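The residues making up each chain are set out below.
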Amino acid sequence: MRRLPKSLLLASLSKPLLRRRAPLPLLHPPPPHSRPRILPFSTQTLSPAAPPDAAPTAKPAGLAFLEAAEVQESAGDHQQALDLALKSLVPLQESHGGWSLPVARALRLAGAAASRTGRISDVLESLSAAAEIVDYLRGARRGDKDVAAVGAAVYEQLARAKTTEGRRWDAVADLRRALELKAVFLEAGSGELGDTYRDVAEAYAGVLDFDKALPLCLKALEIAEGRPGENSTEVAKVRRILAVVYTGLGRNEEALEQTELVRMVYEKLGLDVELSQVEIDGANVRVLLGRSEEAMNYLKRVLERSGKDSEERALAYVTMAKILSFQDRCEDSRRCLEIACRIIDAKDSMNPERVAEAYAEISMLYESMTEFETSLTMMNKTLALVEGASEMQHVAGSISARMGWLLLLTRRVGEAVPYLESAVDKLKNCFGPKHFGLGFAYKHLGQAYLEMDQHQSAVKFLLLAKDIINATFGPAHEDSIDTNQCLANAYGVMGSYKLAMDFQEQVIDAYKSCGTDSLEELREAERLLEQLKKKAQGSRAAVFPANSLPVLPENND
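The shown structure was predicted, so the numbers you read here are calculated from the model rather than taken from an experiment.

Caption draft 1: A look at the overall build of the chain. What the chain contains, in helices and strands, is 23 helices and zero strands. Total accessible area on the chain is roughly 24,900 Å²; 51% of this is exposed by carbon and sulfur atoms.

Caption draft 2: Quick look at helix 13 (residues 311-326). Helix length check: helix 13, at 16 residues, gives a terminal C-alpha distance of 23 Å against a target of 22 Å (1.5 Å per residue), a fit within 8%. By the criterion of burial, helix 13 is predominantly enclosed, with 15 of the 16 residues buried. A positive phi of about 60° marks D328, the residue just after helix 13.

Caption draft 3: Spotlight on the pattern of salt bridges. Under the definition given, this model contains 42 salt bridges. With its nearest N and O atoms 2.9 Å apart, the salt bridge here joins D174 to K162. On the criterion of sequence distance, the pair formed by D174 in helix 6 (residues 168-185) and K162 in helix 5 (residues 145-164) is long-range, its members being twelve residues apart. Just as D174 is buried, K162 falls in that class too. D482 serves as the salt-bridge partner of K443, at 2.9 Å between the closest nitrogen and oxygen. Pair noted here: K443 is in helix 19 (residues 436-451) and D482 is in helix 21 (residues 478-494), with a separation of 39 residues, a long-range link. D482 gets classed as partly exposed once you look at its relative accessible area, which sits at 22%. One salt-bridge network, held together by shared partners, links E253, E260, R263, E267, E279, R286, R291, E294, R301 and R305.

Caption draft 4: Expanded view of the environment of D467. The residue D467 is located in helix 20 (residues 455-473) in this model. For D467, a relative accessible area of 47% gives the class partly exposed. Each C-alpha atom of the pair D467 and G439 lies 7.9 Å from the other, and the pair is 28 residues apart in sequence.

Caption draft 5: Up close: the packing of aromatic side chains. A complete count under the given rule lists seven aromatic pairs for this structure. Plain terms: the ring middles of F436 and F473 are 6.0 Å apart, the flat faces sit at 70° to each other, and that makes the pair edge-to-face. Taken together, the residues span a long stretch of sequence, with F436 in helix 19 and F473 in helix 20 at a distance of 37 residues. The class for F436 is buried, based on a relative accessible area of 15%. Looking at F473, the relative accessible area reads 33%, which means it is partly exposed. Connected via pairs of aromatic rings, a cluster forms that spans F436, F440 and F473.

Caption draft 6: Highlighting unusual backbone geometry. Notably, L208 is not glycine yet its phi reads approximately 65°, a positive angle. Counting through the fold element by element, L208 comes out in the loop between helix 7 (191-206) and helix 8 (210-225). With phi around 60°, D328 is a residue other than glycine that occupies positive phi space. Along the polypeptide, D328 turns up in the loop between helix 13 and helix 14 (330-346).

Quick notes on the rules
- Residues numbered from 1 in each chain as written.
- Predicted model: local features only at pLDDT ≥ 70, side-chain atom pairs only at ≥ 80, totals over all residues.
- Heavy atoms only, no water.
- Helix = DSSP H or I, 4+ residues; strand = E, 2+ residues; numbered from the N terminus.
- Areas by Shrake-Rupley, 256 points an atom, 1.4 Å probe, with all protein chains shown as cover.
- Expected span 1.5 Å × (residues − 1).
- Buried < 20%, exposed > 50% of the residue type's maximum accessible area, 1.4 Å probe, protein only.
- Salt bridge = Lys/Arg side-chain N within 4 Å of Asp/Glu carboxyl O.
- Phe/Tyr/Trp six-rings, centres within 6.5 Å; stacked < 30°, edge-to-face > 60°.

What follows is the structure in structure tokens.
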């Protein structure tokens, strides 16, 4: 069984919103073009927008409350802003209609203020209602810059709220929607629009969707280069994201080119900390390109420049340990990891996300040296650091998946299951329902259930894994084949021999497509098919299934 790919590490409402006032009276139904749905504060209670030629019936109270709420928000009094925004809703509906821009503004403000006052469960219902109104208004008033401006603010706030809940995958779509709306009212080459392109590109890279990130990042770079100049730090920020995207796409030479351009900017400006960070990034790309000695020289420059107990020094030692491990210099690698851990453990001010990434990297290196207990210890430290941080649930999910796999590998199946179940929930929210990392987590969870004789549960998760892994890597990939073998095993144990033989034949077909390198595996798969046929005929002498757990690797030392 393969290790989880390293790139994964890059990776009900409690109260009604309007509890401070009586429930809204049920007014006219929403306009026919809206999408009816039930919300705790439901837009189905909103009255239709008044027609343009209707007689003015405006009451000043609604707009007065809303404008006062906006003043309080700007002043930082978020509780007062929330109270005033909620008070504005009934009079705004009476004066402007429920499906109107002022109501959307009030709901947006209420959601933002609720977020800042810690009432997270109230945020999404308010912002979702605001988004529904904005979408209706965009259909009726396409090209209206005021609607687009309010809508962009709504969707950005909605993205932040979802990210806070660990729903990074859902949040990306909202950020993309905000970008589309900003393009309506911002100048094509404006700095704000360029920053938005950069932020959305970074969000796509954060959920490992590098194909969608690339054109957005290139557009952000085009805008940034057209404004302050080639050597600006703003351009450098975009180039660093672009380097990450190119690395994710396997275009490592282009990633290194971007990293070098950034390095020259930081060196010219005398930004030593940023220079060290980008040189470490460049060293990691050089390792991928097989240029380990060159990478080591850059890391030595970082060590010469950085302070004795600096964050950059620790991260440089982690990358050095990786290079030494690849060169089978395990003792030297361990010494580098020990130094890195001492620096990290002694620092109180180090960036938590960087600490988590460093611990995760260290745990993988110990795992590669078959020091599984040390690896698990480092993973536990990582989880303790990120578990309560909603913005780092992608790291928590990836580490939980890896811990579950390693516990499965070392035959601690019962301990593995809770980690794998947690990983499934977090990875789905962070990377979407079809990401390959989720496929591996499903597969390992299915294997664990199979080992625990919970065959129905095993089949459920193995089928989910099969769909994702096949779609990502193809049917001849070793994990696709292994998943089919596990399904054959599960159905065979359950006595569903026809289904078991179907999956066993898929294993055979996959090995046949791999050519002469897989002849031994092909013979074993064909032997297992014959044993299945004998089982189906009632033979007690048949031996099936094959072992579904991985074999421990030999110690590298």
